[in-house]
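Below are the chains, spelled out letter by letter.
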Amino acid sequence: MADLLTRQRDAFLASEIPGVGQRREKLAVLRAAILAFKTELKDAINQDFGHRSRYETDIFELSVVLQSIDYLSRRLPRFMKSERRHVHWTSKSGQAYVEYQPLGVIGIIAPWNYPVLLTLIPLATALAAGNRVMVKPSELTPVTSEVLSKMLASVFSPEEVTVVQGGPEVGAEFSHLAFDHLLFTGSTQVGHHIMRAASDNLVPVTLELGGKSPVIISKGHVNQQNVDRIVFGKLANGGQTCVAPDYALIHEDDLAEFIKQYSASVARSYPDGPLSRDYTSIINERHYQRLMGLLEQARGHGATVTEVGRQPESAARRLRTIAPTIVTGVSDELDIMQQEIFGPLLPIKTYRNLDEVIQFVNARPRPLALYYFGNRDNECDTVLRRTTSGNVGINTTVLHVAQDDLPFGGVGASGMGAYHGIEGFRAMSHAKGTFVQGRYSLPAMLRAPFGKLADMTLAYMFRR
Ligand code: NAD
């Protein structure tokens, strides 16, 4: 692994900084490779999950990656342009500007839940910023990791882009490498290890972590459209989405209506219940058992656990599927209210007034996303002003991720730094500030032996 890094760094140092044309060419090559391997990637993900809707892979992964590549390619000239900066009056004849220079070799560690999206958008961003890249995909999606590795090797040399496969031990070794930047997407727990490992070499990190993202519905705003949008974000990929609404905060007067609407919406989206074509399985037995454990504990402590939507007509069960489930009457100490759920379970808390909602959210680690359903009025403004989350969705869930011009990232326990669009380009570039001294420069005239000019200048500087 260290050898691969050395090869990439040597190749980086031996070549010119790539211009717009060369970077666009790399992005075009990546785009073409994705299209060529599209079917293989979809089959691989389906195999890794046991069952994953092909539409979900197309809509939530492949098309978002292509869109992101196109956006980066189109905006590159603007992103790469050097920026004139303000010059202090004492140096007025000089020039100040910032150039965005590639950092060198970027390390990317990816999770399993969107194995293509969360590998290839960081990769495309790193290439757009003119870097070389080493990628470590997740061991929980081995078939997809193999296809990604084959796909990237078919279009890039190992000195440009290379894939290292393996589990936590390999990840640990990878995160100790002296990259120029490391972008990690995964759990908050592993995020701690990553930051510690990176600190050995002072490697800057972007940490894209998880957490519990709340969805808040304003009193009186439980309706079909809003609930459909919540179901969309909650149940995509079987609930295994970092920005999925984790739990719902519903006004106590709206609870019964919400449960009714949620169940009806699930039935519309998944007409065959958990056997529906577009309902994705849980990634592995460990996660399946973890989710069942959350339900068992909640039941044992008096919560009401209700499977919603349709029951399948046949008695057949698909491997590792859990029916969409809502959980009410939950106490805050339960694991389902403490841990990130990452599955099709929706605990619901009721509230009486907005202050309770804000306090509830603020008493917990800062979420990756916060969703608010209601009018764009004072109440909405208050929620947004008084809470802090990585991103916010108003009358929507999840879709902010597909807005290329928005920074995507968490805050506090949900992450550090952001990527996508210009934020990603800049995270993987060095903003090199340059000053060119002009003919006249007051500071340059203030040389020892200091005298009258220095006295006059300092008197002016320190004036009241
Ligand atoms: P994970 O943290 O278990 O694993 C992520 C990656 O880290 C994998 O490639 C894994 O092999 C590697 N890894 C594991 N232990 C390591 C170690 N000690 N040192 C270095 N690398 C190590 O996460 P996961 O289960 O793959 O993914 C689910 C988590 O990711 C959830 O918490 C979810 O919210 C989060 N996530 C966040 C985003 C985001 O964009 N913020 C997106 C998707 C998922």
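Source: prediction; values computed, not measured.

### Brief notes about the side chain of glutamate 61
Right, on to step 1. Positionally, glutamate 61 belongs in helix 4 (residues 54-80).
Right, on to step 2. Judged by relative accessible area, glutamate 61 falls into the buried class, the value being 0%.
Right, on to step 3. Sequence-distant contacts of glutamate 61, that is, excluding residues within four places in its chain, are made with Ile45, Arg52, Glu56, Asn113, Tyr114, Pro115, Val116 and Leu117.

### Brief notes about the nonpolar core
Right, on to step 1. Judged by nonpolar contacts, the single largest core of 80 residues is most densely connected at Leu30, Leu120, Met151, Phe258 and Tyr262.
Right, on to step 2. If you tally residues by element for this core, the top one is helix 4, at 11 residues.
Right, on to step 3. Mapping this core onto the domain boundaries places at least three of its residues in each of domain 1 (2-209 + 415-432) and domain 2 (214-402).
Right, on to step 4. Here leucine 120 is in contact with Leu30, Ile34, Val65, Leu148, Met151 and Leu152, once residues within four sequence places are set aside.
Right, on to step 5. Core analysis: the second largest hydrophobic core is formed by 28 residues, Tyr247, Ile322, Val330 and Val357 among them.

### Side note on the sheet that holds strand 7 (residues 205-208)
Right, on to step 1. An order of 5-4-3-6-7-15 is seen for the 6 strands of this open sheet, with the pairing classed as mixed. Edge positions in the sheet fall to strand 5 (161-163) and strand 15 (415-416), since each of these pairs with one other strand and no more.
Right, on to step 2. Sheet topology places strand 3 (residues 105-109) next to strand 6 (residues 181-185); 4 bridges connect them, and they run parallel. Bridging across to strand 6, isoleucine 109 finds its partner in phenylalanine 184.

### What to know about the site of the ligand
Right, on to step 1. In the region of the ligand, 29 residues are neighbours, and Ala110, Lys136, Glu139, Ser187 and Glu340 sit closest.
Right, on to step 2. Between glutamate 208 and the ligand, the recorded distance is 3.5 Å, taken from a backbone N or O atom to a nitrogen atom.
Right, on to step 3. Across the complex, the protein chains shield 90% of the 850 Å² of accessible surface that the ligand would expose by itself.
Right, on to step 4. Those elements that provide at least two residues to the shell around the ligand are helix 7 (168-175), strand 6 and helix 8 (188-199).

### Thoughts on a nonpolar patch on the surface
Right, on to step 1. On the surface, Trp89, Leu458, Tyr460, Met461 and Phe462 cluster together into a nonpolar patch covering about 570 Å² of accessible area.
Right, on to step 2. Within the fold, tryptophan 89 resides in the loop between strand 1 (83-85) and strand 2 (95-102).

### Side note on the sheet that holds strand 2
Right, on to step 1. Strand order in this open sheet of 3 strands is 1-2-16, and the pairing throughout is antiparallel. Looking along the sheet, the strands with just one partner apiece sit at the ends: strand 1 and strand 16 (429-436). Each adjacent strand pair in this sheet contributes to an overall mean axis angle of 30°, direction not counted.

### What about the environment of leucine 319?
Right, on to step 1. Residue position: leucine 319 is located in the loop between strand 10 (304-307) and strand 11 (325-328).
Right, on to step 2. The class of leucine 319 is exposed, set by a relative accessible area of 57%.
Right, on to step 3. Separated by 36 residues in sequence, leucine 319 and isoleucine 283 have C-alpha atoms that sit 10.0 Å apart.

### A word on the packing of aromatic side chains
Right, on to step 1. Across all of its chains, the model carries 12 aromatic pairs by this definition.
Right, on to step 2. Ring pairing ties together the aromatic residues Tyr71, Phe79, Tyr100 and Phe425, which thus form one cluster.
Right, on to step 3. Lying across the ring of phenylalanine 360, arginine 364 places its NZ or CZ 3.6 Å from the centre.
Right, on to step 4. Just above the ring of tyrosine 460 sits the side chain of arginine 463; from NZ or CZ to the centre is 4.0 Å.

### Some words on unusual backbone geometry
Right, on to step 1. Of note, the amide linkage connecting alanine 448 to proline 449 takes the cis form, showing an omega dihedral of 0°.
Right, on to step 2. If you trace the backbone, proline 449 turns up in the loop between helix 16 (442-445) and helix 17 (452-461).
Right, on to step 3. Even without being glycine, asparagine 395 reaches a positive phi, approximately 55°.
Right, on to step 4. Judged by its relative accessible area of 21%, asparagine 395 falls in the partly exposed class.
Right, on to step 5. Within the chain, valine 398 stands out as a residue other than glycine whose phi angle is a positive 70°.
Right, on to step 6. Checked against the element boundaries, valine 398 lands in the loop between strand 14 (391-394) and strand 15.

### Observations regarding the UniProt feature "active site" (unreviewed entry) in the protein chain
Right, on to step 1. Cross-referencing UniProt, the feature "active site" (unreviewed entry) maps to Glu208 in the present numbering.
Right, on to step 2. With respect to the helices and strands, glutamate 208 occurs in strand 7.
Right, on to step 3. Excluding residues within four positions of it along the chain, glutamate 208 makes contact with Phe184, Thr185, Gly186, Phe408, Gly409, Gly410, Ser414, Gly417, Ala418 and Tyr419.

### Some remarks on the domain arrangement of the protein chain
Right, on to step 1. The domain architecture assigned to the protein chain consists of domain 1 (2-209 + 415-432) and domain 2 (214-402).
Right, on to step 2. Using only C-alpha atoms to locate each centre, domain 1 and domain 2 end up separated by 31 Å.
Right, on to step 3. Taken together, the contact pairs 18 residues of domain 1 with 24 residues of domain 2.
Right, on to step 4. Together domain 1 and domain 2 conceal approximately 1700 Å² of surface at their shared face, both sides included; 56% is due to carbon and sulfur atoms.
Right, on to step 5. Looking only at domain 1, the three residues that lose the most surface to domain 2 are Phe49, His51 and Trp112, adding up to 31% of its buried area.
Right, on to step 6. At the junction of domain 1 and domain 2, the tally comes to 0 salt bridges.
Right, on to step 7. The interface formed by domain 1 and domain 2 contains 12 residue pairs in polar contact (both at pLDDT 80 or more).

### Considerations on the packing of helix 2 (residues 20-36) against helix 4
Right, on to step 1. One way to put it is that helix 2 packs onto helix 4 with a least axis distance of 10 Å and a crossing angle of 175°. Here helix 4 runs roughly antiparallel to helix 2, going by the angle between their axes. Of the residues in helix 4, those touching helix 2 at Val20, Arg23, Arg24, Leu27, Leu30, Arg31, Ile34 and Leu35 are Leu62, Val65, Leu66, Ile69, Asp70, Leu72, Ser73, Arg74, Leu76, Pro77 and Met80.
Right, on to step 2. In terms of residue class, the contact of helix 2 with helix 4 is made up of 13 nonpolar, 1 polar and 5 charged.

Definitions and limits used
Residues numbered from 1 in each chain as written. Predicted model: local features only at pLDDT ≥ 70, side-chain atom pairs only at ≥ 80, totals over all residues. Heavy atoms only, no water. Helix = DSSP H or I, 4+ residues; strand = E, 2+ residues; numbered from the N terminus. Buried < 20%, exposed > 50% of the residue type's maximum accessible area, 1.4 Å probe, protein only. Contact = heavy atoms within 4.5 Å. Core = buried A, V, L, I, M, F, W, Y, C linked by side-chain atoms within 4.5 Å. Domains from an automatic or database assignment. Pairing = 2+ DSSP bridges. Near = heavy atom within 4 Å. Polar contact = N/O pair within 3.5 Å; in protein donor to acceptor, adjacent residues only side chain to side chain. Areas by Shrake-Rupley, 256 points an atom, 1.4 Å probe, with all protein chains shown as cover. Patch = residues over 30% accessible without salt bridge, like charges linked within 9 Å, V, L, I, M, F, W, Y side chains within 5 Å. Salt bridge = Lys/Arg side-chain N within 4 Å of Asp/Glu carboxyl O. Axes fitted to C-alpha atoms, helices over the stretch in contact; angles between N-to-C directions. Phe/Tyr/Trp six-rings, centres within 6.5 Å; stacked < 30°, edge-to-face > 60°. Lys NZ or Arg CZ within 6 Å of the ring centre and 35° of its normal. UniProt positions renumbered as here; feature names shortened; annotations may be inferred. Buried area = accessible area lost by both parts, 1.4 Å probe. Parallel < 35°, antiparallel > 145°, perpendicular 65-115°, else oblique. Nonpolar A, V, L, I, M, F, W, Y, C, P; charged D, E, K, R; others polar.

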